[in-house]
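# Descriptive structure summary
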Amino acid sequence: MHRILVTGGAGFIGSNFARYQLKHHADREVVVLDKLTYAGNLDNLRDLESDRRFAFQQGDICDPAAVRAAAAGADAIVNFAAETHVDRSLLDPSAFVMTDVHGVNVLLEAVRELGVARFVQISTDEVYGQVAAGSSKETDRYAPRNPYSATKAAAELMVHAHHESYGVPALITRGSNTFGPFHYPEKMIPLFITNALDDEPLPVYGDGKQVRDWLFVEDHCAGIDFVLEHGLDGEVYNVGGGNERENLGVTRLILGLVGKPESLLRHVEDRAGHDRRYSLDCGKLHRLGWQPARRFEDALAETVQWYRANEWWWRKIKSGAFAEYYQRQYGDRKVLEDTAGD
Ligand code: NAD
Ligand code: DAU
């Protein structure tokens, strides 16, 4: 594989993946196609701009002409482009339906028309819905519970349909909660790190006993790279970190790493339809030879260090339109006194 089109490559995981490709594959060219929504940011790709193997094109995956132009000559497309924040999907699901479902269909049609040899759809453990006990296997049923995860599941069904109906060479990875450098500060870990650095409250939804499986972004990129190279068309692969943690525990770790008091922790009104726990069984990928390399606590400390050292990156974001979103999302949110000091 020589030329890879990375759609959504100006976002968090996509930009890390573009960097990973150029670092680990000397003969690889990377083209990024990104609409540059509020979450897309050319600062995420700044260090790659001088690499002659890298090119950026601004465009929408819902626009067939833009997709065809960017995909011409590509050996593979890896699709990260999506609306990704669950809270925003609760405020307005329509942008999610457009990009996360229709956009994926446009990409699949381009793959078929242009004869692209491989399409990897980056999906999520959220398509399984919440799991009370045990861990989700690739063969488990879909049970998404919020608009974001419903659109990601719908996209997967379109991928399967194109594979079965037209023989499109497509496969799917389902990643768990990812964290690390360039993570947009609307998500819990970067929001809490940057709030703590500024002595602002850390808004923990509900009792904070929800469980997520945390995966360092470099491990996620390595897992996707492994599937791109070794996966089989039509297959689905769970990519998890093996680090199940309660939100409350992660919040306390962050406060400790930043060196701020627990009095910054606030239990606030819960997210609607909040999934209680995600858990991935990653045996399939482990048996093929891939494992995550990083210990959660070490990777979290490295992430806190990155946010300390890169205020130029996140202060710009937090002072713009983000401030308006933050006010809408958290301004009038009820503080739950009965769970404070948990
Ligand atoms: P992100 O929100 O940081 O980045 C999304 C990127 O997609 C942005 O650069 C944005 O500009 C771009 N984009 C949005 N709509 C587009 C469109 N119509 N056309 C072209 N570009 C568009 O997201 P992320 O956290 O990096 O997630 C990337 C992918 O990984 C998503 O598909 C997401 O569902 C999946 N995923 C994320 C996680 C996680 O924890 N972050 C875990 C599992 C799977
Ligand atoms: O599981 C994979 C998914 O992880 C990805 O598919 C999504 O794109 C990504 O956004 C992420 O979804 P979550 O909803 O799990 O991530 P978020 O960072 O928004 O929330 C993590 C947990 O923290 C979740 O239980 C909700 C909670 N939370 C979040 C925020 C933003 C809080 O308690 N307070 C907050 O302010």
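The structure under discussion appears in the preceding block.
Quantities reported herein were computed from a predicted structural model and do not represent experimental measurements. (Residues numbered from 1 in each chain as written. Chains lettered and ligands numbered in written order. Predicted model: local features only at pLDDT ≥ 70, side-chain atom pairs only at ≥ 80, totals over all residues. Heavy atoms only, no water.)

For helix α12 (residues 322–330), the complete set of buried residues consists of Phe322, Tyr325, Gln329 and Tyr330. On an axial view of α12, the arc spanned by its buried residues comes to 100°, and they lie on one face. Across α12 from its buried face, at more than 90 degrees, point the exposed residues Glu324, Gln327 and Arg328. Buried positions along α12 lie against α3 (86–91), α6 (188–197), β8 (202–205) and α11 (311–319). (Buried < 20%, exposed > 50% of the residue type's maximum accessible area, 1.4 Å probe, protein only. Helix = DSSP H or I, 4+ residues; strand = E, 2+ residues; numbered from the N terminus. Arc of directions from axis to C-beta. Contact = heavy atoms within 4.5 Å.)

Looking now at empty space enclosed by the protein. For the coordinates displayed, the defined rule picks out 1 cavity of 30 Å³ or more. The calculated volume of the largest cavity comes to roughly 40 Å³. Around the largest cavity, the lining residues are Val86, Asn146, Arg212, Arg271, Ala272, Gly273, His274, Asp275 and Tyr278. Considering only residue class, the lining of the largest cavity consists of 3 nonpolar, 3 polar and 3 charged. (1 Å grid on protein atoms, 1.4 Å probe; cavity = no way out; pocket = protein on both sides within 12 Å on 5 of 7 lines; lining within 4 Å. Points joined across faces, edges and corners; volume = space filled by probe spheres on them. Nonpolar A, V, L, I, M, F, W, Y, C, P; charged D, E, K, R; others polar.)

Looking now at unusual backbone geometry. Of note in this structure, Leu36 is not a glycine but carries a positive phi near 60°. Structurally, the position occupied by Leu36 is in the loop between β2 (29–34) and β3 (54–58). Its relative accessible area of 26% is what places Leu36 among the partly exposed residues. Despite not being glycine, Phe182 shows a phi value in the positive range, around 70°. Looking at the secondary structure, you find Phe182 in the loop between β7 (177–179) and α6.

Right, let's talk about the site of ligand 2 for a bit. Lining the immediate surroundings of ligand 2 are 24 residues, of which Asp125, Tyr148, Asn177, Arg271 and Tyr330 lie closest. At 2.8 Å, a backbone N or O of Met188 approaches an oxygen atom of ligand 2. In isolation ligand 2 offers 690 Å² of accessible surface; the protein chains occlude 94% of this area. Of all the secondary structure elements, the ones that give two or more residues to the shell around ligand 2 are α3, α6 and β8. A class-by-class count of the residues in the shell around ligand 2 yields 10 nonpolar, 7 polar and 7 charged. (Near = heavy atom within 4 Å. Polar contact = N/O pair within 3.5 Å; in protein donor to acceptor, adjacent residues only side chain to side chain. Areas by Shrake-Rupley, 256 points an atom, 1.4 Å probe, with all protein chains shown as cover.)

Before going further, it helps to spend a moment on the environment of His85. Among the structural elements, His85 can be located in the loop between β4 (76–79) and α3. Here His85 falls in the buried class, since its relative accessible area comes to 3%. With 99 residues separating them in the primary sequence, His85 and Tyr184 have C-alpha atoms 9.9 Å apart. Once you skip the residues sitting within four places of it in the chain, His85 turns out to touch Tyr38, Phe96, Glu186, Lys187, Arg271 and Tyr325. Among the polar contacts made by the side chain of His85, one reaches the main-chain carbonyl oxygen of Glu186 at a distance of 3.5 Å.

Interpretation note: all reported values are geometric properties and have no functional meaning in isolation.
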